[in-house]
Structures are given as structure tokens and as C-alpha cells.
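Fold and geometry: a report
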Amino acid sequence: MSRQADVSLLAAATEAANHLYGVRDTYFPSNPEDKLSKLRDESNSALKLLDSIPPEKRKSPLQRATYEYLRGKILDVFPDYKKEAEEHLSKAVKLNPSLADAWLCLGNCIWKKGDLPSAKNCFNLALSKGPNKEILCQLSMLERKMAQGADNQAEIVEESIKHAKEAIALDVKDGNSWYNLGNACLTSFFVTGAWDLSKLHQSLKAYQNAEKDERMESNPDLFFNCATVNKYLENYERALSGFQAAALKDPGLNASGEVEKIVSLLDKLDNFLKVHAKGKRLSSFASSLASANLSSSHKKANVDLLFEGLNKALALVGKVLFFIKHDNVSPLYYLVCDSNQTCFILSVYGIRNDMIKEGDQLMLLDPYYRLVDFKWSGKTYQFKLIRVDFLQQLLVNGKPLPPKPGSRNVLPCTAQALTICIKCLYLAELWASPDSPGLCGVHEAERVQG
């Protein structure tokens, strides 16, 4: 066989391996078993093509290294750890320590085994061969995994953000790098207490930049995660559209369930406003607010006088009519009225549901106001919404809520829910479960790149 034919076989085997990973990252049938079956068929075909290279053409260290690398990469396409894949990839880096892609694949393989320090060492060795956006993205993902349960969790996630930005600096148009940054910022939002909305806005901006890359059209997780951020920002229409798009791209994500949850919540809020925003009880509650005292630094305002967004130096006094129960952990929703008998929805993040009770008088300082007004599936949703994220924004019966030690005077995220959230983010990053649920519907199913 001619040298040109040998090169063609190697190029074909390389292309087959890359195609295999393309199937992994873009094929999402309704039945996950169908995907595994297709991966098995494609990997067997790729291995046959690789083995068709004559043995005498795989004898030199460089030839052998490339062969071992491709074989290990093909075997490692599945979500579970394979010892055989690690053995082949280990041989590849021993034969050719300069093969950065082999170090990357070896790190991914060892990550599945659970040896995170060794996986990080592989990624760092790969980066020592030269800057590489894919390796930086994988290192960023791994650091989010390593942050789980660590005492310096927030610091490690900041390192993850740093490496995500370094990947973008290498190719500002690469959608996957922007997607990775969005995930890092979203993780940072949770590990720092789920209070800093700027992190959500940073995450949303990164996802929007990722969407500009046509290649990301096939990534359902991008649409799911972007919808998740919009849900937390209470951009309900965008969240619904995003979850619907994710459901069409990958039925296994359970994004349809997220759509149902949001619609159920909106229907419940709409029903409470229609049924309870009237009557003698409302009139009695509203009249009791006239004597409320304000601090000298704030001017009293009713809901109808608020502007969209943050209303600095204004204070709104309201009475809690009802606590509105719903399926999600956070936020808590209340039906509240002001002194003009105007009812609105109040969303409060991170507090226990026994901290605010029906009949309580609330003083909302510097209220963050939005008018929700959109149509979904033929139904119009329209209501006034005030969101509370900070302890200093809220007085209950004239008293501030007790701050959590070290909480920076913000409403603390429920500890148990936060643990569940971060755990699910990291499990999903290893593609451990395509339909793994997370805190309040959060799901980060980043696929380990080959």
C-alpha cells in the first residue's frame, strides 16, 4: 500500500472519530437507548477503519501514538468510564508527550473515573503544549466539579470563570466557549448564595453570544440553561420559549416539564389576582396601611407610581393577602395589596415560608418593579410584580428579617436546595444523566469534549 493510501486511511479514521463525537453532541432521540445504540454502531465502524491501517504502518513511536490516541478517543465516547480507553490514551501520551489532544482525552477519561486531580493535571499538561480553547473549556468545567463540597467553593468557581474567559480570548466567535462562560457564571450565582443578579445577567449575556454561533443550534442544553436564567430573572415569556425549544431538540431534558411548571405557576398567580383582589377583606387590609411610618430617607409610593426596574428612595407599604403555594423551591410568592387597594405579586428569594405570614404588614424599600404582560398559548398574563432579593429591602411588621451570619445582608439561599443544585450541575456536566433534574429545574448537561 502506498504512503498516500496510508495517510488517507489515517485521515479517514480521524474523521470517523470526529464524526462519532458529533453524533454524541448533536443526536438526541426521545429514547436514550437509541443514542447509545447509534454510538456503539458508529464506534465499531470507526474502530474497524482504524484497524485497517497496516500494522507495519503503526510501528514508529509517532505512528503508534496517533493510533493509540484515536483508539482511546473512540472507546471513550460513551458516558461511562472505560479502563481500556484509559490504557490506550496513556500509551499515546507516553509515546508522544507533545500530543495535546491525547492529554485532553486522557483527562476526560480519568474525570469519569472520579480522579479529579489527575484529570486536572492532564489538562494542564495539554495546555503546556500551547493555548487551546477546548482544553481551557474542559479545565473550566472540571474546576466547577472540583468546587463541589470544597471550603473555598466560590474561589474555585472564579478560577473556572477565569479559564472560560481565556478560552473566549482565543476565539471570540466560538459559541461553545461563550456557553461554557455562561455555565460558569450561573454556577457562581448559586455558590455565592443565589443573590447577585449581576451574575445572572453575565450568564445570560454569555448564552446570547453563544447563540450567535450557528453550530450551537444543535446544543439543547444552551437553550435549557438560557431559559433557566430567564426563569430566575422572571422573564417568563423568554423562559417558556427557551424551554420549548430545548424540548424539541432533546426530549430527554424534561424541558416540557419546566414549561408546564411555569404555566401552572402563572395560572395560579392569575387566578389569585382575579379571585382575591377584591372584597371587604381587601378594603380592610388597605385601610390599615394609612398610618404606616416611613424612614425619613424614603418617600411613600403606591404601586401605580413605580417605574420599571429599581425605584430608589421610594418605599411601598403593603399587606399580605395570601401566600401562594407552588411546585418550585424558590422564590416564594405572595399576593399583596397597597393602601390604594391595588394588588400585586411579590416574589421573595431564599427565605423560609414561615418568615412572612398572611396579614403581615410589609415595607418594601427601593422596590424592584416589573409589569408582566405577554400571551402564551392563547392566554394573556398581565400582573404587577415586585421582586425582593436583599434583606435591607424588606421590613416585616416594622422589623427587619434577621440576617444570616456572613450573608452580606442578603436573603440566604436554602442550604439544602443549594446543595442539590450544585450537585446536579456537576453530575450533569459529565453527561451522567441526560434528564437529571436540578434545583428549581436547573440543568447543566455539558458534554465532555473529545
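See the structure printed just above.
A brief structural summary. These numbers come from a predicted model, not from an experiment. (Residues numbered from 1 in each chain as written. Predicted model: local features only at pLDDT ≥ 70, side-chain atom pairs only at ≥ 80, totals over all residues. Heavy atoms only, no water.)

With respect to the helices and strands, the residue Val303 is situated in the loop between strand S1 (299-300) and strand S2 (309-310). With relative accessibility at 1%, the residue Val303 sits in the buried group. Distance from Val303 to Ser339, taken between C-alpha atoms, is 9.3 Å for residues 36 residues apart in sequence. Non-local contacts of Val303, meaning those with residues more than four positions away in its chain, are made with Leu316, Asp338, Thr342, Phe344, Tyr369 and Lys384. (Helix = DSSP H or I, 4+ residues; strand = E, 2+ residues; numbered from the N terminus. Buried < 20%, exposed > 50% of the residue type's maximum accessible area, 1.4 Å probe, protein only. Contact = heavy atoms within 4.5 Å.)

With that settled, consider the pattern of salt bridges. Evaluation of the coordinates by the stated rule reveals 22 salt bridges. Notably, a salt bridge pairs Lys38 with Glu42, separated by 3.7 Å at the nearest N-O pair. A residue pair is termed a helical-turn pair when its members lie 3 or 4 positions apart in one helix, as Lys38 and Glu42 do in helix H2 (residues 32-51) at four residues. Overall, the relative accessible area of 22% leaves Glu42 in the partly exposed class. A salt bridge links Lys199 to Glu158; the shortest N-O distance between them is 4.0 Å. Of this pair, Lys199 sits in helix H10 (residues 197-211) while Glu158 sits in helix H8 (residues 153-170), placing them 41 residues apart in sequence. Connected through salt bridges with shared partners, the residues Lys133, Asp171, Asp174, Asp213 and Arg215 form a single ionic network. (Salt bridge = Lys/Arg side-chain N within 4 Å of Asp/Glu carboxyl O.)

Along an α-helix, residues three or four apart share an orientation, since each turn contains 3.6 residues. The end-to-end C-alpha distance of helix H12 (residues 236-249), which contains 14 residues, comes to 20 Å, matching closely the 20 Å that a straight helix rising 1.5 Å per residue would cover. Listed in full, the buried residues belonging to H12 are Tyr236, Ala239, Leu240, Gly242, Phe243, Ala246 and Ala247. Here the buried residues of H12 occupy an arc of 165 degrees about the axis, which is enough to place them on one side. Pointing more than 90 degrees away from the buried face of H12 are the exposed residues Arg238 and Leu248. The inward-facing, buried residues of H12 abut helix H11 (220-232), helix H13 (255-276), strand S4 (332-337), strand S7 (368-376) and strand S8 (379-388). (Expected span 1.5 Å × (residues − 1). Arc of directions from axis to C-beta.)

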